[in-house]
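Now for the letters of each chain:
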Amino acid sequence: MTYKRKKYHHGDTHLKRRWRLRNRKKDLDEIDSDLKEENAEKLLNQNVDLDLPGAAQHYCLHCARYFIDEQALSEHFKTKVHKRRLKALELEPYSIEESERAAGHGNFKFPSKRKIVTQNNNTDVIDKDGDVVLDDSTESKKKKIDEDDT
């Protein structure tokens, strides 16, 4: 005699919805507002917050993610995820003016593309005078090569 399997759960759509919302990242228009000069400066130079990864010192503006250390951040810049995000940010976000033009209140204009580059790592050391101190490791490598040639 076979037993019928009891179906107490008719689906886990309520659970899926909760999982999607918990892991939700910033949208492209929110990141676009973060890319403005005043907001970008604040995000890249945050105060130490021990609740965030890397004490909030290593932040990717384009992906809105925190990283543990500088190496993890520089490795992230080489990934497909980051490059896809840069490609998506090239188009300007949808605006109210564009929606009015689509409704017939103005002339059509193609969405403009812009050049998005990966943020630079501010690892330069500045001395008392405000000058940037160059890394001496490249010069020593050049010297070793020159010494070997002679």
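Residues numbered from 1 in each chain as written. Predicted model: local features only at pLDDT ≥ 70, side-chain atom pairs only at ≥ 80, totals over all residues. Heavy atoms only, no water.

I'm lost on the environment of Leu44 in this one. Help?
Tracing the sequence through the fold places Leu44 in helix H3 (residues 37-44). By relative accessible area, Leu44 is classed as partly exposed at 28%. Residues Leu44 and Tyr59, 15 residues apart in the sequence, show an inter-C-alpha distance of 6.4 Å. In contact with Leu44, not counting residues within four places along its chain, are Tyr59, Leu61 and Gln119. (Helix = DSSP H or I, 4+ residues; strand = E, 2+ residues; numbered from the N terminus. Buried < 20%, exposed > 50% of the residue type's maximum accessible area, 1.4 Å probe, protein only. Contact = heavy atoms within 4.5 Å.)

Would you explain the environment of Leu52 in this entry?
Turning to its location among the elements, Leu52 is positioned in the loop between H3 and strand E1 (59-60). Its relative accessible area of 28% is what places Leu52 among the partly exposed residues. Along the sequence, Leu52 and Arg65 sit 13 residues apart, while their C-alpha atoms lie 10.0 Å from each other. Beyond its immediate stretch of four places on either side in the chain, Leu52 contacts Gln46 and Tyr66.

Looking at this model, I keep getting lost on the side chain of His76. Mind explaining?
Of note, His76 is situated in helix H4 (residues 70-76). Within the structure, the side chain of His76 is placed 3.3 Å from the side chain of His82, a separation counted as a polar contact. (Polar contact = N/O pair within 3.5 Å; in protein donor to acceptor, adjacent residues only side chain to side chain.)

Whenever I open this one, the nonpolar core confuses me. Can you help?
Note on soluble globular proteins: their nonpolar side chains tend to be buried together. Ile31, Ala40, Leu43, Tyr59, Leu61, Ala64, Leu86, Leu89 and Ile116 together form the largest nonpolar core, which totals 9 residues. Ignoring sequence-local partners within four residues, the contact set of Tyr59 consists of Lys26, Asp34, Leu43, Leu44, Gln46, Ala64, Arg65, Tyr66, Leu73 and Gln119. Within the second largest apolar cluster, 5 residues are counted, among which are Cys60, Cys63, Phe67 and Leu73. (Core = buried A, V, L, I, M, F, W, Y, C linked by side-chain atoms within 4.5 Å.)

Got a minute to help me understand unusual backbone geometry in this structure?
With the exception of glycine, the majority of residues adopt a negative phi angle, and the majority of peptide bonds are in the trans configuration. A positive phi angle, near 65°, is found at Ala56, a position not held by glycine. With respect to the secondary-structure elements, Ala56 resides in the loop between H3 and E1. Backbone geometry places Ala64, a non-glycine residue, at a positive phi of 55°. Locating Ala64 in the fold gives a position in the loop between E1 and strand E2 (65-66).

What is the right way to read the packing of aromatic side chains from this model?
Centre distance and the angle of the planes are the two values used to describe a pair of aromatic rings. Under the counting rule described, the total for this entry stands at 1 aromatic pair. Look at Tyr59 and Tyr66: their rings are 4.7 Å apart centre to centre, the planes differ by 50°, and that puts the pair in the tilted class. Residue Tyr66 is classed as partly exposed on the basis of its relative accessible area, which comes to 25%. (Phe/Tyr/Trp six-rings, centres within 6.5 Å; stacked < 30°, edge-to-face > 60°.)

In this structure, what is going on with the pattern of salt bridges? I would like to understand it.
Pairs may arise between side chains of opposite charge once their charged atoms sit close together. A full pass over the atoms with the stated rule returns 5 salt bridges. Taking the shortest distance from any N to any O, the salt bridge between Asp32 and Arg114 comes out at 2.6 Å. Taken as a pair, Asp32 in helix H2 (residues 28-34) and Arg114 in the loop between helix H6 (96-102) and strand E3 (125-126) lie far apart in primary sequence, 82 residues in all. For Arg114, a relative accessible area of 24% gives the class partly exposed. One salt bridge connects Lys78 with Glu75, and the closest N-O pair in it is separated by 3.8 Å. We classify Lys78 as exposed; its relative accessible area is 56%. Classification of Glu75 by relative accessible area gives partly exposed; the value is 44%. (Salt bridge = Lys/Arg side-chain N within 4 Å of Asp/Glu carboxyl O.)

Would you explain the UniProt feature "domain: C2H2-type" (unreviewed entry) in the protein in this entry?
Under the UniProt annotation, the feature "domain: C2H2-type" (unreviewed entry) is placed at residues 58-87. Helix makes up 50% of residues 58-87 and strand makes up 13%, while its end C-alpha atoms are separated by 22 Å. (UniProt positions renumbered as here; feature names shortened; annotations may be inferred.)

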